[in-house]
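# Coordinates in review
Spelled out from the first residue to the last, the chains are:
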Amino acid sequence: MSAICGVFGRNTQSNVSAELALLLSGLSHRGIDGVSSWCKDNVGLGIQHLWVTPESKKEKLPYYDPNLHLAIVADIRLDNRASILSSLSLNNPTLSDSQIVLLG
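Computed from a predicted structure; not experimentally measured. (Residues numbered from 1 in each chain as written. Predicted model: local features only at pLDDT ≥ 70, side-chain atom pairs only at ≥ 80, totals over all residues. Heavy atoms only, no water.)

### Examining the overall build of the protein chain
When helices and strands are counted, the protein chain shows three helices and five strands. Starting at the N terminus and ending at the C terminus, the protein chain contains elements arranged as β-α-β-β-β-β-α-α. By the burial criterion, 37% of the 104 residues in the protein chain qualify as buried. Summarising the internal contacts of the protein chain: among those between residues at least 6 apart in sequence, 45% fall at separations of at least 24. Total accessible area on the protein chain stands at roughly 6700 Å², and carbon and sulfur atoms take up 54% of it. Looking at the protein chain, you have 8 positive and 9 negative side-chain charges, and the mean spots of the two groups are 2 Å apart. (Helix = DSSP H or I, 4+ residues; strand = E, 2+ residues; numbered from the N terminus. Buried < 20%, exposed > 50% of the residue type's maximum accessible area, 1.4 Å probe, protein only. Contact = heavy atoms within 4.5 Å. Areas by Shrake-Rupley, 256 points an atom, 1.4 Å probe, with all protein chains shown as cover. Lys, Arg positive; Asp, Glu negative; His and termini not counted. Charge placed at Lys NZ, Arg CZ, Asp CG, Glu CD.)

### Here's the deal with the side chain of Asp97
Considering the arrangement of structural elements, one finds Asp97 in helix H3 (residues 97–103). When its relative accessible area of 8% is taken as the criterion, Asp97 is described as buried. If we ignore the near neighbours within four places in the chain, the residues touching Asp97 are Glu59, Ile76, Arg77, Leu78 and Arg81.

Any link to function would need more than the numbers given here.
What follows is the structure, encoded as structure tokens:
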């Protein structure tokens, strides 16, 4: 299982990027498949990757949707993807599980 973390700085003086890097370094034992992060303003999300499914190898996390102005980092697996895509009227089977959750 991957390790995920997030940082929210209550003021503009917060160094979210540095705090996130510190958190991710403490979780490095969980991320044998790599590490990635995303920061914007006073918010940061990070993940230490441990890929357990073929689909997870393709997933780019954290994911930020610029149209919705939303970001997600998750360690999830959707077993009923086709049904979920259909019920959400999402006609793109290449969406990652995290993207489906974000768009749902």
